[in-house]
Amino acid sequence: MGTMCSYVPEEMLHAAGYTPVRLRGSTTPLRQADAHLQSFTCALCRSTLDRLLGGELGLLAGTVFSHTCDTMQALADLWRVNSQHSHFVDCIMQPANLGAPAARDYLIPELERFRERLAAFSGHRADDSALQDSIALYDETRRLVRALQAARARLATTAFFAVLDAAQRMPREQFNPLLGELLAELAAVPETFRRPRLFLAGAVLDEPRLLDLIEKLGAQVTGDDLCSASRHFLDEVGREGDPVQNLADYYLRRPPCPTKFHPNHDPGRWLLDQASQVHADGIIFALEKFCEPHAFDYAQARSLLDDAGVPYLLLEMEQIPSLEALRTRLQAFIEII
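Just so you know, these numbers come straight off a predicted model, no measurement behind them.

### Comments concerning helix 6 (residues 157-167)
Point 1. Taken residue by residue, helix 6 has T157, F160, F161, V163, L164 and A167 as its buried positions. For helix 6, the angular spread of the buried residues around the axis is 150 degrees, confining them to a single face.
Point 2. Where helix 6 is buried, its residues contact helix 5 (128-150), helix 7 (172-186), strand 5 (197-202), helix 8 (208-216) and strand 6 (220-226).

Right under this line is the structure:
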């Protein structure tokens, strides 16, 4: 079952008998998406829709969205229109204001609605016990990823992100033991510290060659706040108690992505604190071009970073980026640091 966002409750899909697979963008030239989405929408939405239209996602029983930005909501509608009738499509309407008094009372019934609709499609209703077991499995992944983050200095930057990509595509029953074995092996690997130490911020990073460039230029990524990487594994849901309520509370308390609002969350301060914890020398904003929510967060964070004297670089990632342009800007930024 394909998922398009970290706000999709993977545990519910797993408890219903599906393997959640995070759909990512690609750098393959578009063939059909331009007939459905404007050129000023992000590469993630355009390239995934192009794969659907090209028949490349036939292995999926369905795709689940979460209402984040307007483009993602439009993509969910286009997905319904252009999918086979046997392809399950749903969009979970997470609240935009996570700190609103009615947010919890709204989200719990919305998650229950999704569970019932998924049951009607699959013919199997995941009961609370099955959902609790799935939550425990996915919480184990989150704990293992935290341990991997603590061992980043023992692992190449490209390898670290490859592991997190695998976590979002493999069955967790297979992934968790493999990551446990990797962590045991890494314990005997000496730490390698490079300078400068960089922190990556943004939405999804679908251009792995950027990570390769950073390594070749002698820098090291010591932390990130990417939706497709560490942000996806923040916190734990908790097995005890009502599983649907636990999932709702999880989404309401975790640091929000830029498409959400919480009165107690300052995106600039959060970013600065995260970068400080990993002793980053600079921050790279790897933002999808035309992604307005993340651009708004960048605009808010800039003044705080300027006041703190933290160097930062904005890279607008296009679907088919110019690697030489990226190399030139990265090299200059690293030399300045």
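Let's pick the thread back up.
### Quick word on the packing of helix 5 against helix 7
Point 1. Interaxial distance between helix 5 and helix 7 falls to 10 Å at its minimum, and their mutual angle equals 25 degrees. Judged by the inter-axis angle, helix 5 sits roughly parallel to helix 7. The handedness of the crossing between helix 5 and helix 7 is left-handed. Mapping the contact onto sequence places L137, Y138, E140, T141, L144, V145, A147 and L148 in helix 5 and R172, E173, F175, N176, L179, G180, L182, L183 and L186 in helix 7.
Point 2. Considered class by class, the residues forming the contact of helix 5 with helix 7 number 11 nonpolar, 3 polar and 3 charged.

### Quick notes on the sheet that holds strand 8 (residues 312-317)
Neighbouring strands of a sheet are bound in pairs by backbone hydrogen bonds; such pairs are parallel or else antiparallel.
Point 1. Read from one edge to the other, the open sheet built from 4 strands follows the order 6-5-7-8, with strand pairing classed as parallel. What marks the edges here is a single partner per strand, and that holds for strand 6 and strand 8. The sheet shows a mean angle of 20 degrees between the axes of neighbouring strands, taken without regard to direction.
Point 2. Examined bridge by bridge, strand 5 and strand 7 (residues 282-288) share 4 bridges and lie parallel to one another. Note on strand 7: the bridge partner recorded for F199 is I283.
Point 3. Across the sheet, helix 8 touches strand 5, strand 6, strand 7 and strand 8, and the angle it forms with strand 5 is around 165 degrees.
Point 4. Here helix 10 (residues 267-277) sits on the sheet and contacts strand 5, strand 6 and strand 7; the angle it forms with strand 5, its principal contact strand, is near 150 degrees.

Reading the values: rules and limits
Residues numbered from 1 in each chain as written. Predicted model: local features only at pLDDT ≥ 70, side-chain atom pairs only at ≥ 80, totals over all residues. Heavy atoms only, no water. Buried < 20%, exposed > 50% of the residue type's maximum accessible area, 1.4 Å probe, protein only. Helix = DSSP H or I, 4+ residues; strand = E, 2+ residues; numbered from the N terminus. Arc of directions from axis to C-beta. Contact = heavy atoms within 4.5 Å. Axes fitted to C-alpha atoms, helices over the stretch in contact; angles between N-to-C directions. Parallel < 35°, antiparallel > 145°, perpendicular 65-115°, else oblique. Left-handed = near helix turned anticlockwise from the far one by under 90°. Nonpolar A, V, L, I, M, F, W, Y, C, P; charged D, E, K, R; others polar. Pairing = 2+ DSSP bridges.

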